[in-house]
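Listed here are the chains, written in short residue letters.
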Amino acid sequence: MAAVAGTVERVIDFEKQSVFKLAPCRPEDIASQVSPILIQGEQIVSSFKTVRDFVVFTNKRVIAVNVQGMTGRKKDFTSLPYSRVQAFSIETAGTFDMDAELDLWFSGLGQVRLEFKGHADVRLLGQMIATFIL
């Protein structure tokens, strides 16, 4: 989180269900930025990126990374463990609307929405999340 003129800026605004426009990216392209916060046995399963920010799905949690500042050296890491997911919903891309959405409801936190560009397979994400939470 970064303080900006008395406000708090977050990669995921839990108050407003902030939406990302995420595109698939290769896990190896962002692994070096996330690996220092991974725990033993945790592995990157899938990753998605905007222009600067990215979201990583591991076998333990979702990690949302907000790259801040002009240089991009400062990063905010938001960890969302699957153990706190109470429900989730996927909306697949349609014929005219090529975007897909993933909604996750976290215990004690509320709803988090991630929006993906048309090339993301949200069905596969849904299966993966179900595997980890059911």
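Rules of the game
Residues numbered from 1 in each chain as written. Predicted model: local features only at pLDDT ≥ 70, side-chain atom pairs only at ≥ 80, totals over all residues. Heavy atoms only, no water. pLDDT = per-residue confidence, 0-100. Helix = DSSP H or I, 4+ residues; strand = E, 2+ residues; numbered from the N terminus. Contact = heavy atoms within 4.5 Å. Pairing = 2+ DSSP bridges. Axes fitted to C-alpha atoms, helices over the stretch in contact; angles between N-to-C directions. Core = buried A, V, L, I, M, F, W, Y, C linked by side-chain atoms within 4.5 Å. Buried < 20%, exposed > 50% of the residue type's maximum accessible area, 1.4 Å probe, protein only. Phe/Tyr/Trp six-rings, centres within 6.5 Å; stacked < 30°, edge-to-face > 60°. Salt bridge = Lys/Arg side-chain N within 4 Å of Asp/Glu carboxyl O. Expected span 1.5 Å × (residues − 1). Polar contact = N/O pair within 3.5 Å; in protein donor to acceptor, adjacent residues only side chain to side chain.

Per an unreviewed UniProt entry, the protein chain goes by the name PH (Pleckstrin Homology) domain-containing protein and belongs to Saccharothrix saharensis.

### Re the confidence of the model for the protein chain
The pLDDT averaged across the protein chain works out to 83; a share of 82% of its residues lies at or above 70. Within the protein chain, strand S5 (residues 54–58) carries the highest mean pLDDT (95), whereas strand S1 (residues 2–4) carries the lowest (39). Scored below 50 in pLDDT, residues 1–11 makes 19 contacts in the model with residues more than four places away or belonging to other chains.

### What to know about the sheet that holds strand S4 (residues 44–49)
Within the open sheet, the eight strands sit side by side as S7-S6-S5-S4-S3-S10-S9-S8. Their pairing is mixed. On the outer flanks of this sheet lie strand S7 (74–81) and strand S8 (85–91), each paired with one strand and no other. Pairs of neighbouring strands in the sheet enclose a mean axial angle of 25 degrees, with direction left out of account. Examined bridge by bridge, S5 and strand S6 (residues 61–68) share four bridges and lie antiparallel to one another. Along S6, the bridge assignment pairs Phe54 with Val65. In this fold helix H2 (residues 122–133) packs onto S4, S5, S8, strand S9 (100–106) and strand S10 (110–116), with an angle of close to 165 degrees to the strand it touches most, S8.

### A word on the nonpolar core
Phe57, Leu114 and Phe116 are the most contacted members of the largest nonpolar core, which has 21 residues in total. For this core, the secondary-structure elements that each account for two or more residues are S5, S6, S9, S10 and H2. Counting residues in hydrophobic clusters, the runner-up holds nine residues, among them Val34, Leu38, Ile63 and Val67.

### Quick word on the packing of aromatic side chains
As enumerated under the stated definition, the model contains three aromatic pairs in all. For the ring pair Phe48 and Phe57, a centre distance of 5.9 Å and an interplane angle of 90 degrees mean the geometry is edge-to-face. In this structure Phe57 comes out as buried when scored by relative accessible area, which is 0%. Centre to centre, the rings of Tyr82 and Phe132 are 5.1 Å apart; their planes meet at 20 degrees, and the pair counts as stacked. You can see Tyr82 sitting in the loop between S7 and S8 and its partner Phe132 sitting in helix H2, a full 50 residues away along the chain. Aromatic ring contacts, followed pair by pair, group Phe48, Phe57 and Phe116 into a single cluster.

### Some thoughts on the pattern of salt bridges
Under the defined criterion, the tally for this structure stands at seven salt bridges. As a salt-bridge pair, Asp99 and Lys21 come within 2.6 Å of each other at their nearest N and O atoms. In this pair, Asp99 is assigned in the loop between S8 and S9 and Lys21 in strand S3 (residues 21–24), connecting sequence segments 78 residues apart. Connected through shared salt-bridge partners, Lys21, Asp99 and Glu115 make up one network.

### A closer look at H2
Taking 1.5 Å per residue, 12 residues should reach 16 Å; H2 reaches 16 Å between its end C-alpha atoms and fits that length. Turning to H2, its buried residues number three or more, namely Val122, Leu125, Gly126, Met128, Ile129 and Ala130. Elements that come into contact with the buried residues of H2 comprise S4, S5, S8, S9 and S10. Of the residues that open H2, the one with a side-chain oxygen 3.2 Å from the backbone nitrogen of Arg123 is Asp121.

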